[in-house]
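Structural overview
So you can see what is in the structure, the chains are spelled out below.
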There are 4 protein chains.
Amino acid sequence: MAGSSFGTIFRITTWGESHGSAIGVVVDGVPSGLSLCEEDIQIFLDRRKPGQSKYTTKRNESDSVQILSGTFEGRTTGTPISMAVFNQDQHSRDYSEIAACYRPGHADFTFDAKYGFRDYRGGGRSSGRETIGRVAAGAIASKLLKELGISVTAYTRSIGSVTMESFDPEEINKNPFSFPDADAAKKASSLVEDAMAKCDSMGGIIECVVKGMPSGVGDPVFEKLDANLAKALMSIGAVKGVEIGDGFSVAHATGLSNNDEFYIEENGIIAKRTNHAGGILGGISDGSDLVVRAAIKPTPSVASLQHTVNREGENIDIQIKGRHDPIIVPRAVVVVECMTALVLADALLVGMSSRLDNVKKIWKP
Amino acid sequence: MAGSSFGTIFRITTWGESHGSAIGVVVDGVPSGLSLCEEDIQIFLDRRKPGQSKYTTKRNESDSVQILSGTFEGRTTGTPISMAVFNQDQHSRDYSEIAACYRPGHADFTFDAKYGFRDYRGGGRSSGRETIGRVAAGAIASKLLKELGISVTAYTRSIGSVTMESFDPEEINKNPFSFPDADAAKKASSLVEDAMAKCDSMGGIIECVVKGMPSGVGDPVFEKLDANLAKALMSIGAVKGVEIGDGFSVAHATGLSNNDEFYIEENGIIAKRTNHAGGILGGISDGSDLVVRAAIKPTPSVASLQHTVNREGENIDIQIKGRHDPIIVPRAVVVVECMTALVLADALLVGMSSRLDNVKKIWKP
Amino acid sequence: MAGSSFGTIFRITTWGESHGSAIGVVVDGVPSGLSLCEEDIQIFLDRRKPGQSKYTTKRNESDSVQILSGTFEGRTTGTPISMAVFNQDQHSRDYSEIAACYRPGHADFTFDAKYGFRDYRGGGRSSGRETIGRVAAGAIASKLLKELGISVTAYTRSIGSVTMESFDPEEINKNPFSFPDADAAKKASSLVEDAMAKCDSMGGIIECVVKGMPSGVGDPVFEKLDANLAKALMSIGAVKGVEIGDGFSVAHATGLSNNDEFYIEENGIIAKRTNHAGGILGGISDGSDLVVRAAIKPTPSVASLQHTVNREGENIDIQIKGRHDPIIVPRAVVVVECMTALVLADALLVGMSSRLDNVKKIWKP
Amino acid sequence: MAGSSFGTIFRITTWGESHGSAIGVVVDGVPSGLSLCEEDIQIFLDRRKPGQSKYTTKRNESDSVQILSGTFEGRTTGTPISMAVFNQDQHSRDYSEIAACYRPGHADFTFDAKYGFRDYRGGGRSSGRETIGRVAAGAIASKLLKELGISVTAYTRSIGSVTMESFDPEEINKNPFSFPDADAAKKASSLVEDAMAKCDSMGGIIECVVKGMPSGVGDPVFEKLDANLAKALMSIGAVKGVEIGDGFSVAHATGLSNNDEFYIEENGIIAKRTNHAGGILGGISDGSDLVVRAAIKPTPSVASLQHTVNREGENIDIQIKGRHDPIIVPRAVVVVECMTALVLADALLVGMSSRLDNVKKIWKP
């Protein structure tokens, strides 16, 4: 199925395999007149680039983006923006082992079940490199949001048993784990190093906060803002859970403790005293910060010996070689941020026509 | 926006307000030849009907469904199936209080922010009665799945601090909380009665298990099976979190402990020794049981005094009258089950064309 | 497939069979605040009602519409508007002949080929009564367009060899053929009566003109305004051809004669001296009148003896009984008008976000 | 809006401007296992390549396609197939004249009206070069259809007053006009040369015939096969009219003459004695040949002096320079063929789930 597209008006279509000649994305529906250059995209891509610390894969992927269409004289034209990253680090290694077997925790088996065969080089389409297209597109969405006064910031909330205890936005890009808390980052270092020593890997939780969101964005019923955020985040390969606001802890709350009281701010604006709801009520933004979280599973590629089966239906043992991240969380932070931005950009464009008076502002001013 | 539709091929469109003349759904894309009568639908609707125990609202809603199109001589014809429930319990009560104010935890404020005004009678479109359309459609999806040997079963996993400790499928429909564990149900009774005494409400977690799912269903990237399940469940009004398999606890796992080893069953089928993944790898079903969970917030309508604001921008106090559920969880169980069934039915139909040899089976047999 | 929906933001979903209990439509994505009552819809439905002259079927279909959701205190709320017409003229006649055979020019055979069986009563889903949903929805689209200063007017351009030679908008509703030319209507009368006498039927061409259309509406490439108009009109059962502006006659034109020169009007507005293009250039409206035409085939239900086959695969003769229109054109005029209005309403809502400055007008005023 | 995508399951997304760095397409939803290489695509692209006769532009565009993803070991993998043609003939010419003015018959004015500015180099996104993506994608669709025994053949039916009078499929690729009639081609030569001498251009009609189409493909109501064909063809820049089967001439027919009688062939198959319907009844294929036609307007770029306006709102005269086709028809033939193939491929994949027994063939064999 055409499963590589996302969004209704601000709509992206990604393509490319891990070890194919290129990976890319087409971003359609971007309003004309947005200033945009390759550097705007590259900054985001560099945040997911591997090899930036000893806790990420040592693969050398420069991942330089090219804008192939959709801009003119430094601005978007309203036509589809095509972007591509040409692969350079294509090891001509021997894939015979991975080709024949089904790695635990990977999509090798399910791709074969669905398609009958697969591009097994580096995980093919199920590789984490697929997120390059998401991040390139998300960079444009973020730039559009910025023009509307909206900022999206993701960071690591926890790694294994280490949870952030303070929030310093400046700190996020200073430590290799994207923690907004230097102490947590330090504690995580020893945890992850411990896992690396055991040829094992770690998981964690990423949190994303959106500031400046106007109220009234999102649609009732199936196109709720939180429903689309849940889909967006759960579509990231390693994510196994998504929550909004207080999330799973609402199961332990009572109505009185979970309800957010409204009050009138000095400037006359309606606000909430608490934000258990995470900025969304009935699927529509309420003007408070949006707060979403995603649970990231530990990297399935571990160097330890594992039992599994091969395509011939035999029980075998494998030991996965290659250069793998002992933890995906830090590199997934920008992916969570970008998927969030994509959902919001689309919801804002789609939501322009909710009222007749807004329609008249554009077509009968 | 056209936010009231869900699904690509098996596609539903719901409509109706809590206190309007009717509520309904159009189900398009149902294959022809499926045996279907109103009783098939009514059984599902009766499971979400209020007034079945002292723990649900005392409103008397008979919610009798009518099939208005799409069947002929007891079978589906392949054309859209329109179903409606005509409202009968429309109290001609005084809505002036609710009309003027923004109830905490409700969508009153956000609907006004989006649309400029709202149908305030009983919550209008944001009412839980909106789920009638989902359940009626889900009944058809479930029947289709049954024809393919797939069963979907949802139940209450926890209410407040009470979590199920045993699983007896027969028990689910025997206690007022839809717990598969009679002891848990007993414990929950006192918890909920306690909340009722305090004019407060409770939340919980619903779990849904799918058996008989073939491997190879779902699409990579954005149309992952788990991504669509996440959207489907998060689109239910009271849901604040969704997880697949081990969900949020993967954040504490390591790669070795979280990976599910493959092995060959005696019949030659490839199976997994564990199911941390919840039956989905890379967004595609792996043949194990699907396991999804949704966190349900406590009913926001509580009879206690609350602070809030009115449309005129004044701080006010309110006390919500009317007949409200002290806990939504039991009535939401069938909604979770139906949304899961809808996602699966659509994924199965969409997934028929993934391989050329399957295409030939239909068009060049 | 989910083929009963049309439009992206202003999106309709129709349902119902000719002789089922009801026929209806759900209209989603209508902006809130549009004044709307059942009378607004009924006026349009009455224009397609049969039995208004001797040239249409004598069936008595009152076709009274009910609005079941989506309005409150006389205005649209932004939520889906569900409308239904309950069937009253359900003759409990004997359908055995039609059930067993494939009428020439009808969809009996193709429905069976696709679905394996069909609701044969009165044509089931392939009946012209299916257009009730389109017209009810189109009435709302027309009302929205009117708020933006846009009018849509369809009329009969030709019946058989009789083509309109003058245009008097007042005349359209005065003659039974919806001709804007009283003389043409008179000539058509004798043509059609002649066909009726021979137990035969006639076809014709419907033209639709849109005035007040702003420039800049429609999207390049696949969502061109003319592409969507072509789909919309060709989706009407009896339509076999669609053209925009000069249409098929451009095949005989030269570039110089077909190009429309631009010039500056006294008020400074850019206009065209001719309108061969029919108001659309590159798929986007140019500010001139839109002009579209649809070719309507003669009613396939004729009382003369015809050769055909039955479901058992035998060659048979049939004589179709019942009350059929000797010409569909007059009743299809309002359907063409409504499908045109639906395309424009959707294109206008979708097109609100084409420029960054327009996005800011709504979200950062 | 996201207007650069087409199709539901077999879904394409095109991108690129005439004089940008590249033009391309992403084809998603192609079943796995289809043998595919760049040569399969190049053959189709070469048919739309200019410079092949004196009747097409002298521009030298080699248009070599690269497949960047979605195939492995010579077969499609089921993941998106990205293809690109890198532009080589990017004249660094002076665009100041075209940048400032609105060429008659072009989309310059409407793009500015919609987006506020435009990429004016060679027509930008509204250039005929946009069809490269359609043709590359259509080549894959054609290959898929061939696997199912379906062939799609387009050719020139008329140029100006010259209409084909015989049909020899071998002849189509032998003359510069893609006429299946050598005499017609000869007559057209002098017509077109005459137009060239006058610095003028010509239009014509393209016909497309599909053989081997199974019955039962297409969906009722809005997703009728003919509706989607109409949209597909009308979305081609120069097309102003589309018809199916007898098309506009049905307006002059009577029911008896227009109805196609069914009969039983010797092999027991149900067939039609005539094919006025063009192979589609009620929007669903009937097993006869599909016949569609598109009216192509004369090239708007003519070298003669024309009156128009500039962006500053002044009346001006222009003379369009550059190398333009005196007639687009021959190069558009492959585009019509490809758009037809894309519609059919999608309809076939979407239509696999129309019956429960077909669903069981795939999921419960």
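In case you missed it, the structure is sitting above this.
Calculation notes
Residues numbered from 1 in each chain as written. Chains lettered and ligands numbered in written order. Predicted model: local features only at pLDDT ≥ 70, side-chain atom pairs only at ≥ 80, totals over all residues. Heavy atoms only, no water. Pairing = 2+ DSSP bridges. Helix = DSSP H or I, 4+ residues; strand = E, 2+ residues; numbered from the N terminus. Contact = heavy atoms within 4.5 Å. Axes fitted to C-alpha atoms, helices over the stretch in contact; angles between N-to-C directions. Buried area = accessible area lost by both parts, 1.4 Å probe. Salt bridge = Lys/Arg side-chain N within 4 Å of Asp/Glu carboxyl O. Polar contact = N/O pair within 3.5 Å; in protein donor to acceptor, adjacent residues only side chain to side chain. Nonpolar A, V, L, I, M, F, W, Y, C, P; charged D, E, K, R; others polar. Least-squares fit on C-alpha atoms with pLDDT ≥ 70 in both. Parallel < 35°, antiparallel > 145°, perpendicular 65-115°, else oblique. Left-handed = near helix turned anticlockwise from the far one by under 90°. Buried < 20%, exposed > 50% of the residue type's maximum accessible area, 1.4 Å probe, protein only.

Our focus in this paragraph is the sheet that holds strand β10 (residues 162–163) of chain B. Taken together, the ten strands give an open sheet; going across it, the order is β9(A)-β8(A)-β10(A)-β16(A)-β11(A)-β12(B)-β17(B)-β11(B)-β9(B)-β10(B), and neighbouring strands pair in antiparallel fashion. Edge strands, defined here as strands with exactly one partner in the open sheet, are β9 (162–163) of chain A together with β10 of chain B. Where strand β8 (residues 151–159) of chain A and strand β10 (residues 204–211) of chain A come together, eight bridges link them in antiparallel fashion. When the sheet's bridge partners are listed, Thr156 of chain A is paired in β10 of chain A with Ile206 of chain A. In this fold helix α8 (residues 329–350) of chain A packs onto β8, β10 and β16 (290–296) of chain A, with an angle of close to 145° to the strand it touches most, β8 of chain A.

On to the side chain of Asn258 of chain C. Within the secondary structure, Asn258 of chain C sits in helix α7 (residues 255–258). In this structure Asn258 of chain C touches Asp246, Val250, Ala253 and His276 of chain C together with Lys297 and Pro298 of chain D, once residues within four positions along its chain are discounted.

Below, the discussion takes up the environment of Phe222 of chain B. Take Phe222 of chain B: it is sitting in the loop between β11 (204–211) and α6 (225–234). For the pair Phe222 of chain B and Gly283 of chain B, spaced 61 residues apart in the sequence, the C-alpha separation amounts to 8.7 Å. Apart from the residues within four sequence positions on either side, Phe222 of chain B is in contact with Gly3, Ser4, Ser5, Phe6, Ile12, Thr14, Arg134, Lys231, Ser235 and Met339 of chain A together with Ala227 of chain B.

Across the contact, 42 residues belong to chain A and 42 residues belong to chain D. Taking both sides of the interface into account, the surface hidden between chain A and chain D amounts to around 3,300 Å²; carbon and sulfur atoms contribute 62%. Across the contact surface, chain A and chain D share zero salt bridges. Along the contact surface separating chain A from chain D lie 14 residue pairs in polar contact (both at pLDDT 80 or more). Taken together, the elements giving at least two residues each to the side of chain A that touches chain D come down to β2 (11–16), β3 (22–28), β6 (75–76), β7 (81–86) and α3 (108–115) of chain A. Considering each element in turn, the side of chain A that touches chain D owes the most residues, five residues, to β2 of chain A. Here the residues of the side of chain A that touches chain D are counted per class, giving 15 nonpolar, 18 polar and nine charged.

Below, the discussion takes up the relation of the copies chain A and chain D. With an RMSD of 0.0 Å, the fit of chain A onto chain D corresponds to turning through 180° and sliding 0.0 Å along the axis. On the angle and the small slide along the axis, the relation comes out as a two-fold axis. Scanning chain A for the C-alpha nearest the rotation axis identifies Thr13 of chain A, at a separation of 3.8 Å. In this assembly the copies share their binding face: 100% of the residues contributing to the interface of chain A also contribute to that of chain D.

Overlaying chain C on chain D yields an RMSD of 0.0 Å, the required transformation being a rotation through 180° with an accompanying axial translation of 0.0 Å. Interface overlap between copies is the fraction of interface residues in one copy that are interface residues in the other; for chain C against chain D it reaches 99%, indicating a shared surface.

Now for the interface of chain C and chain D. On the chain D side, the residues contacting the 104 residues of chain C number 106 residues. With both sides pooled, the region where chain C packs onto chain D buries about 8,500 Å², and carbon together with sulfur makes up 64% of that total. Connecting chain C to chain D are four salt bridges. Of the charged contacts, one joins Lys231 of chain D and Glu223 of chain C as a salt bridge, the two residues approaching to 3.0 Å between their closest N and O atoms. The interface formed by chain C and chain D contains 49 residue pairs in polar contact (both at pLDDT 80 or more). In terms of residue count, helix α3 (residues 108–115) of chain C provides more of the side of chain C that touches chain D than any other element does, seven residues in total. Of the residues contributing to the side of chain C that touches chain D, the split by class is 44 nonpolar, 39 polar and 21 charged. Inspection of the sheet shows strand β11 (residues 239–244) of chain C paired to strand β11 (residues 239–244) of chain D by three bridges, in the antiparallel sense. Along β11 of chain D, the bridge assignment pairs Gly241 of chain C with Glu243 of chain D.

What follows covers the packing of helix α1 (residues 38–48) of chain B against helix α4 (residues 131–147) of chain B. Residue and element names in this part refer to chain B. At a closest axis distance of 9 Å, the pairing of α1 and α4 adopts a crossing angle of 135°. As the angle between them shows, α1 and α4 are arranged oblique. Crossing geometry of α1 relative to α4 is assigned as right-handed. Within the contact between the two elements, α1 uses Asp40, Ile41, Phe44, Leu45 and Arg48 and α4 uses Thr131, Ile132, Val135, Ala136, Ala139, Ile140, Ser142 and Lys143. Each residue belonging to the contact of α1 with α4 can be placed in one class, and the counts come to eight nonpolar, two polar and three charged.

Attention now goes to the pattern of salt bridges. Going through the model one piece at a time under the given rule, you end up with 88 salt bridges over all chains. A salt bridge links Lys143 of chain A to Asp40 of chain A, with the shortest nitrogen-to-oxygen separation between them at 3.0 Å. Highlighted residues: Lys143 of chain A in helix α4 (residues 131–147) and Asp40 of chain A in helix α1 (residues 38–48), separated in sequence by 103 residues. A relative accessible area of 19% means that Asp40 of chain A is categorised as buried. With a shortest N-O distance of 3.0 Å, Glu337 of chain C and Arg47 of chain C are connected by a salt bridge.

The quantities given are spatial measurements derived from coordinates; they are silent on function.
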